[in-house]
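# What the coordinates show
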Amino acid sequence: MDQLNQWLAGLLEGNVIFTPQTLGYYWTGLVTTSQLVFLSLIIGLVLAVPLAIGRSSRHRWVSLPIYVYTYVFRGTPLLIQLYIIYYGVVFVEGIQDSMFWPILKEAFYPALIAFTLNTAAYTTEIFRGAIKATPRGEIEAARAYGMSQSLTMRRIVLPSAFRRALPAYGNEVIFMLHASAIASVVTLMDLTGAARFVYARFYAPFEAFIFVAAIYLCLTFAILYLFRYLEKRLLAHLKPLGGN
């Protein structure tokens, strides 16, 4: 680690803005952004699967509450949701005396809750559309084999829906990465927060924000490559015969 620091110091010698210290701020922001986006996507995905199944139900008492939830979180700005959760949790009666307060008073967890609820709403509708698009022939074939409704959902409908939802879900992952830039408004030192700190210290808006934009761009290309690879592997059966 000392050798790495010495190498960076030699590389950045004479550079006023991008010093090992400021790069450390960017690294901290990158770690925070990665943790926030990754955890919110994983938890949101786990929540979205049963919600999408419920949203596809023919029973309105099951599908209607889920519809209201997805409508509210998709129809309001993520920034407003973050403000409500971050600032509003303080006014919940008894919350400051509860066992949850040591966690909720940290900015990271209200941001995680807001991001998770938002991405779960979008992912629910993505999966719901994919479930509805399941060819009827696949379901009839499963019934002909004697599969129950739950077994058909688990072995036929969900795997098929996951593959169809992959391109749209890839866009949702990129959206969440870009939306994470608002986390700095609640005092989180994410990538954008690091850029704002560097700007405030050196009054160099172009250097500070173009550098962080380049980091976001690299992360976006990495996500695009990952989902292109997954689409190529999981949707290979849809490739036209003789296609490149």
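Residues numbered from 1 in each chain as written. Predicted model: local features only at pLDDT ≥ 70, side-chain atom pairs only at ≥ 80, totals over all residues. Heavy atoms only, no water.

Secondary structure assignment for the protein chain yields 10 helices and 0 strands. The linear arrangement of helices and strands in the protein chain, starting from the amino end, is α-α-α-α-α-α-α-α-α-α. Taken across its 244 residues, the protein chain has 38% of its residues classed as buried. Just so you have it, the protein chain exposes about 15,100 Å², and 66% of that area is on carbon and sulfur atoms. (Helix = DSSP H or I, 4+ residues; strand = E, 2+ residues; numbered from the N terminus. Buried < 20%, exposed > 50% of the residue type's maximum accessible area, 1.4 Å probe, protein only. Areas by Shrake-Rupley, 256 points an atom, 1.4 Å probe, with all protein chains shown as cover.)

Taken as a whole and assessed by the stated rule, the structure comprises 2 salt bridges. Of the charged contacts in the structure, one is a salt bridge between Glu-125 and Arg-55, with a shortest N-O distance of 3.0 Å. On the criterion of sequence distance, the pair formed by Glu-125 in helix α6 (residues 108-132) and Arg-55 in helix α2 (residues 20-55) is long-range, its members being 70 residues apart. Notably, a salt bridge pairs Arg-136 with Glu-140, separated by 3.6 Å at the nearest N-O pair. Pair noted here: Arg-136 and Glu-140 are both in helix α7 (residues 136-144), with a separation of 4 residues, about one helical turn. For Glu-140, a relative accessible area of 46% translates into the label partly exposed. (Salt bridge = Lys/Arg side-chain N within 4 Å of Asp/Glu carboxyl O.)

Moving on, we get to the environment of Asn-171. By the secondary structure assignment, Asn-171 is in helix α8 (residues 149-179). Sequence separation of Asn-171 and Phe-227 is 56 residues, and the distance between their C-alpha atoms is 9.3 Å.

Turning to the side chain of Ser-56, a few remarks are in order. Looking at the element boundaries, Ser-56 is found in the loop between α2 and α3 (60-75). You can call Ser-56 buried: its relative accessible area is 14%. Contact partners of Ser-56, with chain neighbours within four places excluded, come to Arg-128, Ile-131 and Lys-132. (Contact = heavy atoms within 4.5 Å.)

A word on the nonpolar core. Judged by nonpolar contacts, the single largest core of 38 residues is most densely connected at Tyr-26, Leu-36, Phe-115 and Leu-188. Put simply, the parts of the chain that give this core at least two residues each are α2, α4 (78-88), α6, α8, α9 (191-202) and α10 (205-234). Tallying contributions element by element places α8 first for this core, with 7 residues. Not counting the four nearest positions on each side in its chain, Leu-188 is found in contact with Thr-32, Leu-36, Ala-107, Phe-108, Ala-111, Ala-183 and Gly-193. Formed by 11 residues, the second largest nonpolar core is a distinct cluster that contains Ala-48, Phe-127, Ala-130 and Ile-139. (Core = buried A, V, L, I, M, F, W, Y, C linked by side-chain atoms within 4.5 Å.)

Here we come to the UniProt feature "transmembrane region" (unreviewed entry) in the protein chain. Under the UniProt annotation, "transmembrane region" (unreviewed entry) lies at residues 36-54, 66-87, 107-127, 173-196 and 208-227. Helix and strand shares over residues 173-196 are 54% and 0% respectively, and the end C-alpha atoms of the span are 24 Å apart. (UniProt positions renumbered as here; feature names shortened; annotations may be inferred.)

Given a rise of 1.5 Å per residue, 30 residues ought to cover 44 Å, and the 43 Å separating the end C-alpha atoms of α10 matches this to within 8%. Within the sequence span of α10, burial applies to Ala-208, Val-212, Ile-215, Tyr-216, Thr-220, Ile-223 and Phe-227. (Expected span 1.5 Å × (residues − 1).)

Remark: α2 packs on α9, axes separated minimally by 7 Å, with the N-to-C direction vectors making an angle of 155°. On the basis of the axis angle, α2 is roughly antiparallel to α9. Counted together, Gln-21, Thr-22, Tyr-25, Tyr-26, Gly-29, Leu-30 and Thr-33 of α2 and Leu-191, Ala-194, Ala-195, Phe-197, Val-198, Arg-201 and Phe-202 of α9 form the full contact between these two elements. (Axes fitted to C-alpha atoms, helices over the stretch in contact; angles between N-to-C directions. Parallel < 35°, antiparallel > 145°, perpendicular 65-115°, else oblique.)

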